[in-house]
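Descriptive structure summary
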Amino acid sequence: THFGYTEVPVEEKVEKVAGVFHSVAAKYDIMNDLMSGGVHRLWKKYTIECSAVRPGSKVLDIAGGTGDLTLAFSKLVGSEGQVVLADINSSMLNVGRDRLIDKGVGAQVQYCQANAECLPFPDDYFDCLTIAFGLRNVTDKDAALRSFLRVLKPGGRVLVLEFSKPSNPLLSKVYDTYSFKALPFMGKLITDDADSYRYLAESIRMHPDQETLRGMMDDAGFVNTKYDNLTGGIVALHRGVKP
Ligand code: SAM
């Protein structure tokens, strides 16, 4: 199936929430490196290692943004495989598409504007679905998890890479100060947009912790759910399998 470059209408409210990314799209990659000190590359590398994606696999990278994971997957799936980079936000998707085309990715990568809550793909289609630093922005996370389950093949894997709750109280305090003080400051300096980065810090604080998210994945119908804390739980990689 070729999903081409489809535009799926999204609810106004959802579009507004995700609209924060219109203003950060152009500087997104540089901000990512700066804010995480480059460590987001290691978190993503670990995600790829856990994905079991191989030649011929079909992969959906939802909330894929500028396409870091998609790029890595495109090298693993080969010409027989398929990677769909999907995002609700057209600016992020455009930056991602231009970037990946510049890097020479082939026809195995497709681009699709889509809302994680109601994915426009067939049932039982993908071998693997990833969402990296995207789920916390999704309004109805339970609907999104159910939608992920639907489009995966039985035995297919979901991988959720997301900010989480640091396990150590001291680290938690340092990190809180960093995200509420330093992030908006850096955001203002580099993108002249402190608000978007304030939103980022708030969305991180509001996001369900490790056990809660795991429970939500169980409730959605995934099995063998588990998570690994990365960098002391600042980030967690949750995994599950469609039965
Ligand atoms: N996955 C990329 C990465 O790790 O670098 C991008 C992460 S970026 C922080 C979050 C992305 O989630 C944005 O591109 C935003 O447009 C997208 N997003 C937010 N809400 C969404 C939704 N409901 N459905 C799909 N994508 C969404």
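Scoring rules and cut-offs
Residues numbered from 1 in each chain as written. Predicted model: local features only at pLDDT ≥ 70, side-chain atom pairs only at ≥ 80, totals over all residues. UniProt positions renumbered as here; feature names shortened; annotations may be inferred. Helix = DSSP H or I, 4+ residues; strand = E, 2+ residues; numbered from the N terminus. Rg over C-alpha atoms; globule rule 2.2 N^0.38 Å. Buried ≥ 20, exposed ≤ 12 C-beta atoms within 10 Å, placed from the backbone. Contact = placed C-beta atoms within 7 Å. Near = placed C-beta within 6 Å. Nonpolar A, V, L, I, M, F, W, Y, C, P; charged D, E, K, R; others polar. Pairing = 2+ DSSP bridges. Axes fitted to C-alpha atoms, helices over the stretch in contact; angles between N-to-C directions. Left-handed = near helix turned anticlockwise from the far one by under 90°.

Per an unreviewed UniProt entry, the protein goes by the name Ubiquinone/menaquinone biosynthesis C-methyltransferase UbiE and belongs to Umboniibacter marinipuniceus. The Function (unreviewed entry) field of the UniProt record for the protein holds the comment "Methyltransferase required for the conversion of demethylmenaquinol (DMKH2) to menaquinol (MKH2) and the conversion of 2-polyprenyl-6-methoxy-1,4-benzoquinol (DDMQH2) to 2-polyprenyl-3-methyl-6-methoxy-1,4-benzoquinol (DMQH2)."

1. Quick notes on the overall build of the protein
Across its full length, the protein holds 10 helices and seven strands. Its C-alpha atoms give the protein a radius of gyration of 17 Å, within 12% of the compact-globule value 18 Å for 243 residues. Taken along its principal axes, the extent of the C-alpha atoms in the protein is 45 × 35 × 35 Å. Split into buried and exposed, the 243 residues of the protein put 42% on the buried side. Across the protein, every contact between residues at least 6 apart in sequence was considered, and the portion connecting residues at least 24 apart equals 71%.

2. Side note on the site of the ligand
In the neighbourhood of the ligand, 22 residues make up the surrounding shell, with Ala63, Gly65, Asn89, Ala116 and Ala132 lying closest. Considered class by class, the residues forming the shell around the ligand number 11 nonpolar, eight polar and three charged.

3. Overview of the pairing of strand S6 (residues 223–230)
Across six bridges, the pairing between S6 and strand S7 (residues 235–241) is antiparallel. The residue of S7 that forms the bridge with asparagine 229 is alanine 236. Between S6 and S7, which pair antiparallel and follow one another directly, the connecting turn spans four residues, one of which, threonine 231, has a positive phi of 50 degrees.

4. Concerning the pairing of strand S1 (residues 58–62)
Along any regular strand the residues' side chains alternate between the sheet's two faces. Most of S1 sits inside the fold, with five of its five residues counted as buried. Here S1 runs beside strand S2 (residues 82–87); their pairing, made up of five bridges, is parallel. Bridging across to S2, valine 59 finds its partner in valine 83. The sheet contact formed by S1 and strand S4 (residues 126–132) spans four bridges and is parallel. Looking at the pairing, aspartate 61 lines up with threonine 130 of S4.

5. What about the packing of helix H3 (residues 28–36) against helix H8 (residues 169–191)?
Closest axis-to-axis distance for the H3/H8 pair is 11 Å, and the angle between their directions is 145 degrees. The chirality of how H3 crosses H8 is right-handed. Note on element contacts: H8 touches H3 through Leu183, Met186, Ile190 and Thr191, opposite Met31, Leu34 and Met35. Residues that form the contact of H3 with H8 fall into these classes: six nonpolar, one polar and no charged.

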